[in-house]
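# A structural walkthrough
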Amino acid sequence: MKWLTDLFSSSLGRKLLMALTGLFLISFLVIHCTINAMIFLNDGGETFSYWGHFMGTNAIIRTLEIGLVAGFLLHIFQGLSLWRANHAARPVKYSVTKTPNSTWYSRSMGMLGTLLLLFLILHTSHFWIPNRTNQFTQGEELPLYKMMFDIFSNPWIVLLYVIGCVSLLWHLLHGFASAFQSLGLNHLKYNGIISFVGTAFSIIVPLIFALMPIAIYLGWIN
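Not measured: the values here are computed from a predicted model.

Let us now look at the overall build of the protein. In terms of regular secondary structure, the protein is built from 9 helices and 0 strands. The secondary structure elements of the protein, listed N-terminal to C-terminal, are α-α-α-α-α-α-α-α-α. Counting every position in the protein, which comprises 222 residues, the buried fraction comes to 30%.

Right, let's get into the side chain of T124. Along the polypeptide, T124 turns up in helix α5 (residues 109–126). Among the residues examined, T124 registers a relative accessible area of 17% and is labelled buried. With residues up to four places along the chain from it excluded, the contact list for T124 reads I129 and P130.

This part takes up the nonpolar core. Grouped together as the largest cluster of nonpolar side chains are 28 residues, with contacts concentrated most on L29, I39, F127, M148, F152 and F209. When residues of this core are traced back to their parent elements, those giving at least two are α2 (11–36), α5, α7 (144–151), α8 (155–182) and α9 (191–217). When residues of this core are assigned to their parent elements, the largest contribution, 7 residues, is made by α9. Ignoring anything within four residues of it in the chain, the contact list for I39 reads F48, Y145, M148, M212, I216 and I221.

Turning our attention to the packing of aromatic side chains. Think of a pair of aromatic rings as described by two things: how far the centres are apart, and how the planes are tilted against each other in angle. In this structure the tally under the stated criterion is 7 aromatic pairs. Considering the side-chain rings of Y50 and W51, the 5.2 Å spacing of their centres and the 85 degrees angle between planes classify their relative orientation as edge-to-face. Overall, the relative accessible area of 35% leaves W51 in the partly exposed class. Considering the side-chain rings of F119 and Y161, the 5.2 Å spacing of their centres and the 85 degrees angle between planes classify their relative orientation as edge-to-face. With F119 in helix α5 and Y161 in helix α8, the pair connects residues that are 42 residues apart, well separated along the chain. Residue F119 is classed as buried on the basis of its relative accessible area, which comes to 16%. Owing to a relative accessible area of 4%, Y161 belongs among the buried residues under this scheme. Ring pairing ties together the aromatic residues F119, F127, F152 and Y161, which thus form one cluster.

Turning next to the confidence of the model for the protein. When pLDDT is averaged across the protein, the result is 77; 67% of the residues are at 70 or more. Helix α1 (residues 2–9) is the least confidently modelled element of the protein, averaging 52 in pLDDT, while α7 averages 94, the highest of any element. Predicted confidence is poor over residues 94–101, with pLDDT under 50, and the contacts of this stretch with residues over four places away or in other chains come to 2 contacts.

Attention shifts here to unusual backbone geometry. With glycine set apart, most residues show a phi of negative sign, and most peptide bonds adopt trans. Unusually for a residue other than glycine, N42 sits at a positive phi of about 55 degrees. The topology assignment puts N42 in the loop between α2 and α3 (46–57).

Moving on, we come to the state of the cysteines. Using the criterion set out here, one finds 0 disulfides in the structure. C33 carries a free sulfur, and the closest cysteine sulfur to it, the one in C165, is 9.4 Å from it. The class of C33 is buried, set by a relative accessible area of 5%.

Evaluated as defined, the whole model comprises 1 salt bridge. A salt bridge links D150 to K146, with the nearest nitrogen and oxygen atoms 3.1 Å apart. Remark: K146 and D150 occur in helix α7; sequence separation between them is 4 residues, near one turn of the helix. Owing to a relative accessible area of 44%, D150 belongs among the partly exposed residues under this scheme.

Further remarks concern α7. Restricting attention to buried positions, one finds in α7 the residues Y145, M147, M148 and I151. Buried positions in α7, seen along its axis, are confined to an arc of 160 degrees and lie on one side of it.

Next up on the list: the environment of G22. Within the fold, G22 resides in helix α2. Taking C-alpha positions, G22 is 9.7 Å from L74, a pair spaced 52 residues apart along the chain.

A surface patch of nonpolar side chains, amounting to about 600 Å² of accessible area, comprises F40, L207, L211, Y217, L218 and W220. If you trace the backbone, L218 turns up in the segment after α9. Using a relative accessible area of 48% as the deciding quantity, one classes L218 as partly exposed.

Definitions and limits used
- Residues numbered from 1 in each chain as written.
- Predicted model: local features only at pLDDT ≥ 70, side-chain atom pairs only at ≥ 80, totals over all residues.
- Heavy atoms only, no water.
- Helix = DSSP H or I, 4+ residues; strand = E, 2+ residues; numbered from the N terminus.
- Buried < 20%, exposed > 50% of the residue type's maximum accessible area, 1.4 Å probe, protein only.
- Contact = heavy atoms within 4.5 Å.
- Core = buried A, V, L, I, M, F, W, Y, C linked by side-chain atoms within 4.5 Å.
- Phe/Tyr/Trp six-rings, centres within 6.5 Å; stacked < 30°, edge-to-face > 60°.
- pLDDT = per-residue confidence, 0-100.
- Disulfide = S-S within 2.5 Å.
- Salt bridge = Lys/Arg side-chain N within 4 Å of Asp/Glu carboxyl O.
- Arc of directions from axis to C-beta.
- Patch = residues over 30% accessible without salt bridge, like charges linked within 9 Å, V, L, I, M, F, W, Y side chains within 5 Å.
- Areas by Shrake-Rupley, 256 points an atom, 1.4 Å probe, with all protein chains shown as cover.

What follows is the structure, given as structure tokens:
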């Protein structure tokens, strides 16, 4: 079982786990964003509620949800471990950046990850946790579509969600390409495509998420 210990303790192992869990969470973002974007159909939440009900009651999806929560926790844990290891290895900040090819967001993943964690706690406390709690205790789902209008009527909540989405954008800009590099999947022939897809994904998905509370608050959706 030495390989398992090395996977969780070595720098290379942590980066590998970060890459695998990151790509897994990216797939979740695609599904989550697609379903949430259904509110822009402006059909009174009918399509959104249909797919939200399917995701919340399907036995297979509910089982995969356990893996999703585990993926989030593992990704967060490994991210904090890598940040601590990097911080311990370089306790004194350089007055001049030693790596000219690095970017601001690649050097600030710890801060961005913390902001995302706070945003995740806020988001799940608004929707996922109350809905699942009600399912377990009352046997029925909460009206998520109506809840969005209640929650996003507060401009401060809308602002916090937008800030969270901006943090997600910066996090994805570095994380998407970094995951492929950690898995050894970078290649001169395909790096341009990976960079383009990663950048497009990193902008489009957080933009859609950010537009949701903005559109509801401004009355673009009813």
